[in-house]
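# Structural overview for review
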Amino acid sequence: RAKLQQRTGHFYFSRSMGIDIRERVNMMHALRAAFEQKQLFVVYQPQIDITTRTPVGAEALLRWRGDDGTMISPDRFIPIAEYSGLIIDLGEWVLRQACQELVRIHQQGFTDFMVSVNVSQVQFRHPHFLTMLRRTLQETNAPAHCVELEITESMAMEEPEALIRLLDQITATGVSIAIDDFGTGFSSLSHLQKLNVDRLKIDRAFVTEITESARGSSIAEAIIQLGRNLDLDVVAEGVEDERQAEILTELGCSVGQGYLFAKPLTSDVLHNWLHEYTNRH
Ligand code: C2E
Ligand code: MG
Ligand code: MG
Ligand code: MG
């Protein structure tokens with residue numbers, strides 16, 4: 001049997017590709033099992049007003065600890081969840097967790113606090129997305145104006161008409177929209193102008209570049225300027241040191257997210273962190 005597999009494998013696809021597919025199928029089953037057995041969890045990475053050092057919100061990020069205790073990166077398992085369709089249920093679950101967390105944070109007195117949730121293009125294209133969003137807001141009692149959905153720049157480039165309408169409908173619920181990893185795609189100014197979006201998130205790569213060379217800040221600067229022209233708020237992702245924070249402030253970007261302020265935190269830790277950070281600053 002091994003021989004046959006090896007032989008057919010040789011004809012149809014390379015050995016490494018065969019292993020890759022098998023690995024992906026295994027991961028797909030393991031992910032579904034982990035989800036059903038409630039082994040997935042959501043962590044929250046604070047977003048900070050850089051000038052006042054006030055926490056203004058947090059991004060919800062999905063986590064999966066494998067059976068052997070090691071963490072599996074969402075960059076690896078999200079594509080598999082998308083491919084298998086599991087992302088529909090998974091994404092709804094993350095949104096629900098984030099909305100419930102938001103309500104708890106507001107109850108702690110942080111009443112302007114926002115929560116941001118990543119949305120996959122598979123979810124976004126699903127015909128019941130809007131119904132799901134409205135239902136989740138209603139059932140969790142989360143204030144829509146404190147919920148933000150993050151879509152990627154490539155998603156923002158597709159099917160202009162349908163996208164414009166969907167973004168308008170989402171905006172009508174009170175939920176706001178951010179474009180994630182901004183600067184890595186190819187949005188044009190005229191296209192962006194037609195979209196009902198509220199924030200741009202400068203991709204971490206451009207934040208890192210800020211301190212790396214004399215012209216390193218030019219892309220971040222261009223994005224901040226674009227935000228100003230289109231009346232969009234700008235958030236910097238992956239802020240790791242004070243020098244970056246300083247330059248971002250000089251360039252006019254007031255909100256940052258990154259290891260300088262906090263790593264993604266579990267719900268319990270986030271609550272302690274919020275009180276502690278607020279007392280310290
Ligand atoms: P993203 O949405 O761009 O999230 C930001 C990523 O940067 C997170 O990685 C975060 O942990 C990481 N990060 C934040 N600050 C720093 C920093 O200062 N330095 C460095 N080196 N990294 C930083 P993470 O959690 O591994 O997530 C990776 C990607 O997986 C996310 O990128 C997002 O595209 C996707 N993802 C995560 N959770 C979800 C989810 O619930 N749904 C969907 N559809 N995608 C998700
Ligand atoms: Mg994101
Ligand atoms: Mg990002
Ligand atoms: Mg990303």
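- Naming follows an unreviewed UniProt entry, where the protein chain appears as Diguanylate cyclase of Oxalicibacterium solurbis.

### Points about the coordination of the magnesium ion (ligand 3)
- Protein coordination at the magnesium ion (ligand 3) comes from Asp-180 (OD), Asp-181 (OD), Glu-237 (OE) and Glu-237 (OE), with a distance range of 2.0 to 2.4 Å.
- In the primary structure, the donors to the magnesium ion (ligand 3) are separated according to the pattern D-D-x55-E.
- Here the magnesium ion (ligand 3) and the magnesium ion (ligand 2) are spaced 4.0 Å apart, linked through Asp-180, which binds each one.
- A residue is classified by how much of its surface remains accessible, and Asp-181, at 26% relative accessible area, is partly exposed.

### Considering unusual backbone geometry
- Look at Lys-38: it is not a glycine, yet its phi comes out positive at around 60°.
- With respect to the helices and strands, the residue Lys-38 is situated in the loop between α2 (15-36) and β1 (40-49).
- The backbone phi angle of Arg-53 is positive, close to 55°, even though this residue is not glycine.
- You can see Arg-53 is positioned in the loop between β1 and β2 (54-65).

### Observations regarding the pairing of strand β6 (residues 176-182)
- Judged by how many residues are buried, β6 sits mostly within the fold: six of seven residues are covered.
- Bridge count between β6 and strand β7 (residues 199-202): three bridges; the pairing is parallel. By the bridge assignment for β7, Phe-182 is matched with Ile-202.
- You can see the chain leave β6, run along helix α9 (residues 189-194) and come back into β7, and the turn it takes is right-handed.

### Describing the nonpolar core
- Judged by nonpolar contacts, the single largest core of 85 residues is most densely connected at Phe-124, Val-147, Leu-149, Ile-170, Ile-202 and Leu-248.
- The element that contributes the greatest number of residues to this core is helix α4 (residues 87-107), accounting for nine residues.
- Beyond its immediate chain neighbours, meaning those up to four positions away, Val-147 contacts Leu-95, Cys-99, Leu-102, Met-114, Val-115, Leu-137, Ala-142, Val-175 and Ser-176.

### Topic: the pattern of salt bridges
- Scanning the entire structure with this criterion turns up eleven salt bridges.
- A salt bridge links Arg-96 to Glu-139, with the shortest nitrogen-to-oxygen separation between them at 2.9 Å. Here the residue Arg-96 occupies a position in helix α4, and Glu-139 occupies one in helix α6 (residues 129-140), the gap between them amounting to 43 residues.
- Among the ionic pairs, Glu-246 bridges to Arg-243, the shortest N-O distance being 3.0 Å. Within this pair, Glu-246 and its partner Arg-243 are both found in helix α12 (residues 242-251), separated by three residues, close to a single helical turn.
- In this structure Glu-246 comes out as partly exposed when scored by relative accessible area, which is 42%.

### Section: the side chain of Gln-45
- The residue Gln-45 is located in strand β1 in this model.
- Judged by relative accessible area, which is 8%, Gln-45 ranks as buried.
- In terms of polar contacts, Gln-45 uses its side chain to reach the side chain of Gln-257, at 2.8 Å.
- Polar contacts involving the side chain of Gln-45 include one to the main-chain carbonyl oxygen of Ala-262, which spans 3.0 Å.
- Apart from the residues within four sequence positions on either side, Gln-45 is in contact with Gly-57, Ala-58, Glu-59, Leu-61, Gln-257, Gly-258, Tyr-259, Ala-262, Lys-263, Pro-264 and Leu-265.

### Looking at the confidence of the model for the protein chain
- Residue-level pLDDT values for the protein chain average 91, and 93% of them are 70 or greater.
- Across residues 1-13, confidence stays below pLDDT 50; counting only partners more than four residues off in sequence or on other chains, it has four contacts.
- The complex model carries a pTM of 0.93, and its ipTM stands at 0.98.

### Looking at the site of ligand 1
- In the vicinity of ligand 1 there are 22 residues, among which Arg-63, Asn-118, Asp-180, Glu-240 and Tyr-259 approach most closely.
- At a separation of 3.0 Å, a nitrogen atom of ligand 1 approaches a polar side-chain atom of Gln-45.
- At 3.2 Å from a nitrogen atom of ligand 1 is found a side-chain nitrogen or oxygen belonging to Arg-204.
- Relative to its unbound accessible surface of 800 Å², ligand 1 loses 84% to contact with the protein.
- Within the residue set of the shell around ligand 1, elements represented by two or more residues are β2, α3 (74-84) and β6.

### Examining helix α13 (residues 267-280)
- Under the 1.5 Å per step criterion, the end-to-end length of α13 is 20 Å for 14 residues, consistent within 8% with the ideal 20 Å.
- Of the residues making up α13, those classed as buried are Ser-267, Leu-270, His-271, Trp-273, Leu-274 and Tyr-277.
- Next to the buried residues of α13 lie β1, β2 and α4.

About the cut-offs
Residues numbered from 1 in each chain as written. Chains lettered and ligands numbered in written order. Predicted model: local features only at pLDDT ≥ 70, side-chain atom pairs only at ≥ 80, totals over all residues. Heavy atoms only, no water. Donors = N, O, S within 2.8 Å, 3.2 Å for Na, K, Ca; no water. Buried < 20%, exposed > 50% of the residue type's maximum accessible area, 1.4 Å probe, protein only. Helix = DSSP H or I, 4+ residues; strand = E, 2+ residues; numbered from the N terminus. Pairing = 2+ DSSP bridges. Right-handed = clockwise from strand over helix to strand, strands pointing away. Core = buried A, V, L, I, M, F, W, Y, C linked by side-chain atoms within 4.5 Å. Contact = heavy atoms within 4.5 Å. Salt bridge = Lys/Arg side-chain N within 4 Å of Asp/Glu carboxyl O. Polar contact = N/O pair within 3.5 Å; in protein donor to acceptor, adjacent residues only side chain to side chain. pLDDT = per-residue confidence, 0-100. Near = heavy atom within 4 Å. Areas by Shrake-Rupley, 256 points an atom, 1.4 Å probe, with all protein chains shown as cover. Expected span 1.5 Å × (residues − 1).

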